[in-house]
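Residues per chain are reported as follows:
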Amino acid sequence: MKVAKFGGSSLSSAGQIRKVATIIKNDPEIRAVVVSAPGKREEADTKVTDLLIALFTNHLAGLNVQPAIDSILTRYQLIVEELGLSDGLIDRFERTLRSYLNNIKDDARLLDALKSAGEDFNAQVVSDYLVSLGLKAAYLSPKDAGIVVTDEPSNAQLLPESYDYLKQLIGSDTLYVIPGFFGYSKKGDIVTFPRGGSDITGAIVARGLEADVYENFTDQSYIFSAHPGHVRNPHAINAITYREMRELSYSGFSIFHDEALEPLYQVKIPVQIKNTNEPEIDGTRIVAERSDVNDYPVIGISSDEGFTSITLRQYLLNREVGYTRRLLQIFEDHNISIEHIPSGIDNISIIIRSHRLKENELQQIVQEIQDKLNPEWVQIEEDLAMMVIVGEGMREVTGLANKATSALAENNINIRMINQGASEISMIFAIAMKDQKKALAGLYEKYFNA
Ligand SMILES: Nc1ncnc2c1ncn2[C@@H]1O[C@H](COP(=O)(O)OP(=O)(O)O)[C@@H](O)[C@H]1O
Ligand SMILES: N[C@@H](CC(=O)OP(=O)(O)O)C(=O)O
């Protein structure tokens, strides 16, 4: 039994939805479908989720919201007309958006409700279309499916009891079409997952329904060993482990959400990445173990930008008990999570994502560091990129770090920090953001073409 998730690129137009329906019709193993909101039809297009966020922003600013509502409804109108579905759907969608705007007074909750509409409307469209083709399909709201989440707007986390509710759907002869990207809090409010979170819903449903495989349909036939938009003709991956994928998706492989692995790895449900436009290709499998570690000790290289490092120097820091804890406390007080903490005997760096800092917050943090810890000096480096090299074979094979340092040296790229992940399956190099493209090309050549 399979659960299939179709991403925004697979559902961006009536033509794409037809391809999705063909995939579903041809595979009776698919027993539940999770859908995203319509994505971009071409590069310059706007995702429906972004149109919904624009609607929220206009509403908040007190502007006329009609143009934003029209642009959203037009996307669905085009799809509904071309698929020959009832116009009544569009009236229902308009009433839903207006009722959210009129009735939800809390801004964060309104934003989540509006964002959820992209997936919610699309699930109704896809379900109606499958029914029109003669399939026994039905729209199922996350509320009725039992997807219960924590109450943190835009950052929902699943509550484990959801699996007990989802289990009750096992064995049904109805093909459920479930909107991705959101769940309901215990109080009954809509709460969304982080952006890209329909992958998370798909994983939750696959686990709840005890699927043999979670098929994730997108616009690429494989996960490649480097982002295909940044490296020309990267090597296609056949199998990658959950641990490898988590490291890579957290740091730039946006094809699959890093938090979508959590529901799956304990119960070892494999993920099959497939292309809606080339469904005959098997694609990439995300699994617990892979058999080609000797051939590919390194499986992928990702890069991610927008980091800031704060480095403190303090002679005899290694002997000061509690120094690190007091430093970390400052970041905790600012509610800023930390990415890396490389340290030496007399210095320590804290690396964070720059977007987590509010205006002037960095200066405030430096001031607090000076007041509370009195270091000899504090150095700030902004605009850093992280190059992340990942592979289960990293522990066994010698000379892998050397390849990276020589690739960067040959390209005259200064390394600002090196961190070997405690998992021993990743190595991270901080460099200046301006060198990122050159670094990725150089590293890719060394590991995959040398
Ligand atoms: N290593 C990689 N291999 C394949 N695609 C990647 C990789 N890293 C990033 N991507 C990007 O992920 C995109 C697909 O993910 P996403 O936009 O979330 O799709 P969907 O709309 O189907 O959910 C690809 O078009 C590609 O640009
Ligand atoms: N539509 C949401 C959730 C999502 O997962 O979309 P996609 O499958 O197109 O990445 C977003 O844009 O964030």
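Conventions and cut-offs
Residues numbered from 1 in each chain as written. Chains lettered and ligands numbered in written order. Predicted model: local features only at pLDDT ≥ 70, side-chain atom pairs only at ≥ 80, totals over all residues. Pairing = 2+ DSSP bridges. Helix = DSSP H or I, 4+ residues; strand = E, 2+ residues; numbered from the N terminus. Axes fitted to C-alpha atoms, helices over the stretch in contact; angles between N-to-C directions. Contact = placed C-beta atoms within 7 Å. Parallel < 35°, antiparallel > 145°, perpendicular 65-115°, else oblique. Left-handed = near helix turned anticlockwise from the far one by under 90°. Nonpolar A, V, L, I, M, F, W, Y, C, P; charged D, E, K, R; others polar. Core = buried A, V, L, I, M, F, W, Y, C linked by C-beta atoms within 7 Å. Buried ≥ 20, exposed ≤ 12 C-beta atoms within 10 Å, placed from the backbone. Domains from an automatic or database assignment.

The next point concerns the sheet that holds strand 9 (residues 271-275). Two strands in a sheet stick together by hydrogen bonds in their backbones, pointing the same way (parallel) or opposite ways (antiparallel). In spatial order, the strands read 3-4-2-1-7-9-10-8; together these 8 strands make up an open sheet with mixed pairing. One side of each edge strand has no neighbouring strand; the edge strands of this open sheet are strand 3 (137-139) and strand 8 (239-241). Averaged over neighbouring strand pairs, the angle between their axes works out to 20° when direction is ignored. Where strand 1 (residues 2-6) meets strand 2 (residues 30-35), 5 bridges bridge the pair, whose relative direction is parallel. Across the sheet, residue Val3 finds its bridge partner in strand 2, namely Ala32. In this fold helix 5 (residues 107-132) packs onto strand 2, strand 3 and strand 4 (175-179), with an angle of close to 160° to the strand it touches most, strand 4.

Here helix 4 (residues 88-103) crosses helix 5 at 165°, and the two axes come no closer than 10 Å. With respect to their mutual orientation, helix 4 and helix 5 come out roughly antiparallel. Where helix 4 crosses over helix 5, the handedness of that crossing is right-handed. Counting all contacts with helix 4, which are made through Leu89, Phe93, Thr96, Leu97 and Tyr100, the residues of helix 5 involved are Leu110, Ala113, Leu114, Ala117, Phe121, Gln124, Val125 and Asp128. Grouping the constituent residues of the contact of helix 4 with helix 5 by class yields 10 nonpolar, 2 polar and 1 charged.

On the secondary structure map, Tyr214 appears in strand 7 (residues 213-218). In the structure, Tyr214 is positioned 81 residues away from Leu133 in sequence and 24 Å away in space, judged by C-alpha atoms.

What follows deals with the nonpolar core. Val177, Met387 and Leu443 are the most contacted members of the largest nonpolar core, which has 121 residues in total. Examining the composition of this core, we find that 11 residues originate from one element, helix 5, more than from any other. There are two domains that each give this core at least three residues, and those are domain 1 (2-287) and domain 2 (300-449). With residues up to four places along the chain from it excluded, the contact list for Val177 reads Val33, Val35, Ala123, Val126, Ser127, Leu130, Ala137, Tyr139 and Leu140.

A few words on the domain arrangement of the chain. Often, the extent of an interface is quoted as the loss of accessible area upon association of its parts. What the domain assignment lists for the chain is domain 1 (2-287) and domain 2 (300-449). Taken together, the contacts link 15 residues of domain 1 with 19 residues of domain 2. Looking at the side of domain 1 that touches domain 2 element by element, the count peaks at 4 residues for helix 9 (residues 242-250). Of the residues contributing to the side of domain 1 that touches domain 2, the split by class is 5 nonpolar, 7 polar and 3 charged.

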